[in-house]
Amino acid sequence: MSVRVYVPLDAAARSVGADEVAAAIAGEAIAREIDIEIVRNGTRGMVWLEPLVEVATSGSRLAYGPVSPADVPSLFDSGFLTGGSHQLSLGPTSGIPFFARQDRVTFARCGLIDPLSLDEYRANGGLAGLTRALAMTREAIVQEVTDSGLRGRGGAGFPTGIKWKTVLDEPADQKYIVCNADEGDSGTFADRMLMEGDPFVLIEGMAIAAVAVGATMGYVYLRSEYPDAFNILQRAVAISRDAGILGPSALGSGHPFDIDVRLGAGAYICGEETSLLESLEGKRGVIRAKPPLPAISGLFGKPTVVNNVLSLASVPAILEKGAGYYAAFGTGRSRGTMPLQLAGNIKHGGLFETAFGMTIREAIFAVGGGTASGRPLRAIQIGGPLGAYFPDHLLDTPLDYEAMAAQKGMLGHGGIVVFDDSVDLARQARFAMDFCAIESCGKCTPCRIGSTRGVEVIDRIVAGEDRALNLELLDDLCEVMVDASLCQLGGLTPFPVLSALRHFPEDFDRPATASHQPALAKEGSQ
Amino acid sequence: MIGFVSWDATLAADLIRARRQLPGATLPILHALQDTFGYVDDQAIPLIADALNISRAEVVGVIHFYHDFRQQPPGRHILRLCRAEACQSMDCDSLAGHVRERLGVDFGETTADGAVTLEAVYCLGNCALSPAAMLDGRLIGRVDPARAEQLLAEAQA
């Protein structure tokens, strides 16, 4: 029997040479007349070790990484196909500390299986959740999700079950399931990793949602910056259709449900659910005033469930193993697991799925190994471009929704970007305002105009012009943006700005240097 | 290098016709046109407006709203550099400065020889391997000076 060798097809792994490594292994095996089977799996999430090559031996999978094509001949020489030791040996994958201390629930199969093999998906628990859901009443499915405590993983943290209940109770001739895969926050890549590594779990989650609320059509709104995910999702949808999971009768239940994967076009605001719906309808992604909620009047005016990728992908495990299993993870009102994404200037960057409640410090140092540059950590940003900057003394904050909010921060989509001591927080604050100006949909004045005024005020503060007056003005401007913006883009942009100012005031009180005048000013007019 | 074809009204009309019945067809049509021609030609605007029964202004409004859509043909290669926070933490600004200097263009511009269009992008989802770039749709991680040189050589070829 041929030996199975796993080389990830994940975009991050490919970005550092996974395709070249796979080709080198295949070529070397042919040259040495050894029979092997190369499986292109998803990533295990230990991104700093990519390309991470695994060999299936009796009992466990042995990891080697990061592998370059030049390492391949010596890997064969050392007998890696039979577990031979090599300088890149990492031992059994499941024993690598970064991996071993996780609670892999949503990402249980990611990296383990061939993402496009439905047989492997089924063999590892796939479709058990949908099968169970099809034997339940709609109300019971929604209740199970509600009881699990699952909250929207996109950032807002709204209880998923309550959203579903609203759509379920709304009479309509047509309802929709929309998956928000517009993962635009810098520092986040969990959605991408899951869609590339275990796409069927998202499809199954959407099908369960459809059965639960009575929807017959689903859309995945995927950002265009993810061409690999688009390719894999489209293939997974086609396979699911052929297998009868999607189509006129989902798994033979008589419930029709189909999915179309649509691409965004580079607008950050389309991650906001009403803007996303406008975009799906073929319009400019200008946000809608709420109410009405999308659950009442969403896509094409019909009741619509809009959920993040991770929310929907968490559902199959909840239905398979029960609400209690899922709710047993976590703390307080943050139940279940959260895939943390360790990003930016960090030594061991990657995805770490864990129960809520770990402290930021533990995640960055015990798990992530500190900064990549080896210089002292100075700041972190959690929750994407709208998340707060935290200094060292706030790193003992637990990673759950309420504890983060208590420190005027937010967990958001779980991305943690680490900065070393070379960071200039005045510049980061300026970028936050500038980014808002670039990405504002333009509907409301506080966001559209306020962000541009914000850039100007920060420039004046940094230049030392009427500092006291301009600091007061910035505070006032931020208050207006928070209170009067229609959506969270304008409403949250002040959080990175004010947190930078609160925790790093010294960065705003320096003589102006060239570095304070980034070229972004020019791009802002694009 | 990406194999874009020159503007062809018949081909454009076919691409539009094949998608006009989709619910919310505007973005799928614009993507199909741009994937084929590298940009959305002005001549496509009335075709789309007619096919979807919307005004030309609405079509133009959509094109302008989204950063992705170009109205001019790009260079033979498209190099996108991530400028978002995770990449900032790994000094993508120095990388951007270096690339701009070497190519002699700013973001949103194409080199005079038509070889490379340089674009800024806000997050490629490769945040554990910053700084990130994308050359002709291929993601590249950990773009250190050596890799940047490789990229530039490839892009200018």
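Just so we're clear, the structure is a prediction, and the values are computed from it rather than from any experiment.

Examining the overall build of chain A
Okay, step 1: Secondary structure assignment for chain A yields 22 helices and 16 strands.
Okay, step 2: Relative to the 2.2 N^0.38 estimate, which gives 24 Å for 526 residues, the radius of gyration of chain A is 24 Å and therefore close to what a compact globule would have.
Okay, step 3: The principal-axis extent of the C-alpha atoms belonging to chain A is close to 75 × 60 × 40 Å.
Okay, step 4: Counting all 526 residues of chain A, 61% fall into the buried class.

Examining helix H7 (residues 138–148) of chain A
One full turn of an α-helix is made of 3.6 residues, so residues set three or four places apart face in the same direction.
All names here are of chain A.
Okay, step 1: Here H7 has its buried residues at Ile-141, Val-142, Glu-144, Val-145 and Ser-148. An end-on view of H7 places all buried positions within 155 degrees of arc, on one side of the element.
Okay, step 2: Lining the buried residues of H7 we find helix H6 (128–134), helix H8 (160–169), helix H10 (199–213), helix H13 (309–321), helix H14 (323–327) and strand S11 (334–335).
Okay, step 3: Of the residues one or two after H7, Gly-149 is the one with positive phi, at around 80 degrees.

A word on the sheet that holds strand S7 (residues 217–222) of chain A
Residue and element names in this part refer to chain A.
Okay, step 1: Read from one edge of the open sheet, four strands run S8-S7-S6-S9, paired in parallel fashion. Each edge of the open sheet carries a strand with a single partner, namely strand S8 (258–263) and strand S9 (304–308). Each strand of the sheet is rotated relative to its neighbour by a mean of 20 degrees, with strand direction disregarded.
Okay, step 2: Judged from the six bridges that link them, S7 and S8 form a sheet pairing that is parallel. Pairing of Gly-218 across the sheet is with Ile-259, part of S8.
Okay, step 3: Against the sheet, H13 contacts strand S6 (176–181) and S9, and its axis sits at roughly 95 degrees relative to S9.

Describing the pattern of salt bridges
Two side chains bearing opposite charge may form a pair once their charged atoms approach each other closely.
All names here are of chain A.
Okay, step 1: In the structure shown here, the tally under the stated rule is 44 salt bridges over all chains.
Okay, step 2: A salt bridge links Glu-144 to Arg-132, with the nearest nitrogen and oxygen atoms 3.0 Å apart. Linking Glu-144 in helix H7 with Arg-132 in helix H6, this pair joins segments that are twelve residues apart in sequence.
Okay, step 3: Take Arg-132: its relative accessible area is 33%, and that puts it in the partly exposed class.
Okay, step 4: Because the salt bridges share partners, they merge into one network encompassing Arg-14, Asp-19, Arg-40 and Asp-228.

What about empty space enclosed by the protein?
Residue and element names in this part refer to chain A.
Okay, step 1: Scanning all chains against the criterion turns up four cavities of 30 Å³ or more.
Okay, step 2: Volume-wise, the largest cavity comes out at about 60 Å³.
Okay, step 3: As for the largest cavity, its lining consists of Ile-269, Ile-287, Ser-440, Cys-441, Gly-442, Lys-443, Cys-444, Cys-447, Leu-486, Cys-487 and Leu-489.
Okay, step 4: Residues of the lining of the largest cavity, tallied by class, amount to eight nonpolar, two polar and one charged.

Some thoughts on the packing of helix H9 (residues 190–197) of chain A against H13 of chain A
Residues and elements named next belong to chain A.
Okay, step 1: Two elements in contact, H9 and H13, have axes separated by 9 Å at closest approach and are oriented at 45 degrees. It follows that H9 is oblique to H13 by the angle criterion. Remark: the crossing between H9 and H13 carries left-handed chirality. Along the contact surface, H9 presents Ala-190, Asp-191, Leu-194 and Met-195, while H13 presents Val-309, Leu-310 and Ala-313.
Okay, step 2: For the contact of H9 with H13, the residue count by class is six nonpolar, no polar and one charged.

Overview of the nonpolar core
Okay, step 1: Counting residues in each nonpolar core, the largest one holds 160 residues, and the members touching the most others are Trp-164 of chain A together with Tyr-66 of chain B.
Okay, step 2: With twelve residues, the top contributor of residues to this core is H10 of chain A.
Okay, step 3: In this view, Trp-164 of chain A contacts Ile-141, Val-142, Val-145, Ile-208, Ala-209, Ala-212, Val-213, Val-305, Asn-307, Leu-312 and Val-315 of chain A; residues no more than four positions away in its chain are not counted.

Description of the domain arrangement of chain A
Okay, step 1: By domain assignment, chain A separates into domain 1 (3–100), domain 2 (119–327), domain 3 (330–420) and domain 4 (425–508).
Okay, step 2: Put simply, the middle of domain 1 of chain A and the middle of domain 4 of chain A, counted by C-alpha atoms, are 47 Å apart.

Considerations on the confidence of the model for chain A
Okay, step 1: Summing up the model confidence of chain A, the mean pLDDT is 94 and the portion of residues at 70 or higher is 97%.
Okay, step 2: The model gives residues 514–526 of chain A a pLDDT under 50, and that stretch makes 26 contacts with residues more than four places away or in other chains.

Some details on unusual backbone geometry
Okay, step 1: A cis amide bond links Glu-50 of chain A to the next residue, Pro-51 of chain A, at an omega of -10 degrees.
Okay, step 2: In this fold, Pro-51 of chain A is placed in the loop between strand S2 (36–39) and strand S3 (53–56).
Okay, step 3: Each neighbour pair has its own omega, and for Lys-290 of chain A with Pro-291 of chain A the value is 0 degrees, a cis peptide bond.
Okay, step 4: Mapped onto the secondary structure, Pro-291 of chain A falls in the loop between helix H12 (273–280) and S9.
Okay, step 5: With a phi close to 90 degrees, Cys-123 of chain B is a non-glycine residue in the positive phi region.
Okay, step 6: Checked against the element boundaries, Cys-123 of chain B lands in the loop between strand S3 (116–121) and strand S4 (133–135).
Okay, step 7: Residue classification places Cys-123 of chain B among the buried positions, given a relative accessible area of 1%.
Okay, step 8: Even without glycine at this site, Asp-136 of chain B takes up a positive phi of about 50 degrees.
Okay, step 9: The residue Asp-136 of chain B is located in the loop between S4 and strand S5 (138–140) in this model.
Okay, step 10: Judged by relative accessible area, Asp-136 of chain B falls into the partly exposed class, the value being 23%.

Quick word on the packing of helix H18 (residues 445–462) of chain A against helix H19 (residues 467–484) of chain A
Residue and element names in this part refer to chain A.
Okay, step 1: In the contact formed by H18 and H19, the axes pass within 10 Å of each other and the chain directions differ by 160 degrees. Classed by the angle they form, the pair H18 and H19 counts as roughly antiparallel. Regarding H18 and H19, the two cross each other, and that crossing is left-handed. The residues of H19 that touch H18, namely those facing Pro-446, Gly-450, Ser-451, Arg-453, Gly-454, Val-457, Ile-458, Arg-460 and Ile-461, are Arg-467, Asn-470, Leu-471, Leu-473, Leu-474, Leu-477, Val-480, Met-481 and Ala-484.

Cut-offs used in this document
Residues numbered from 1 in each chain as written. Chains lettered and ligands numbered in written order. Predicted model: local features only at pLDDT ≥ 70, side-chain atom pairs only at ≥ 80, totals over all residues. Heavy atoms only, no water. Helix = DSSP H or I, 4+ residues; strand = E, 2+ residues; numbered from the N terminus. Rg over C-alpha atoms; globule rule 2.2 N^0.38 Å. Buried < 20%, exposed > 50% of the residue type's maximum accessible area, 1.4 Å probe, protein only. Arc of directions from axis to C-beta. Contact = heavy atoms within 4.5 Å. Pairing = 2+ DSSP bridges. Axes fitted to C-alpha atoms, helices over the stretch in contact; angles between N-to-C directions. Salt bridge = Lys/Arg side-chain N within 4 Å of Asp/Glu carboxyl O. 1 Å grid on protein atoms, 1.4 Å probe; cavity = no way out; pocket = protein on both sides within 12 Å on 5 of 7 lines; lining within 4 Å. Points joined across faces, edges and corners; volume = space filled by probe spheres on them. Nonpolar A, V, L, I, M, F, W, Y, C, P; charged D, E, K, R; others polar. Parallel < 35°, antiparallel > 145°, perpendicular 65-115°, else oblique. Left-handed = near helix turned anticlockwise from the far one by under 90°. Core = buried A, V, L, I, M, F, W, Y, C linked by side-chain atoms within 4.5 Å. Domains from an automatic or database assignment. pLDDT = per-residue confidence, 0-100.

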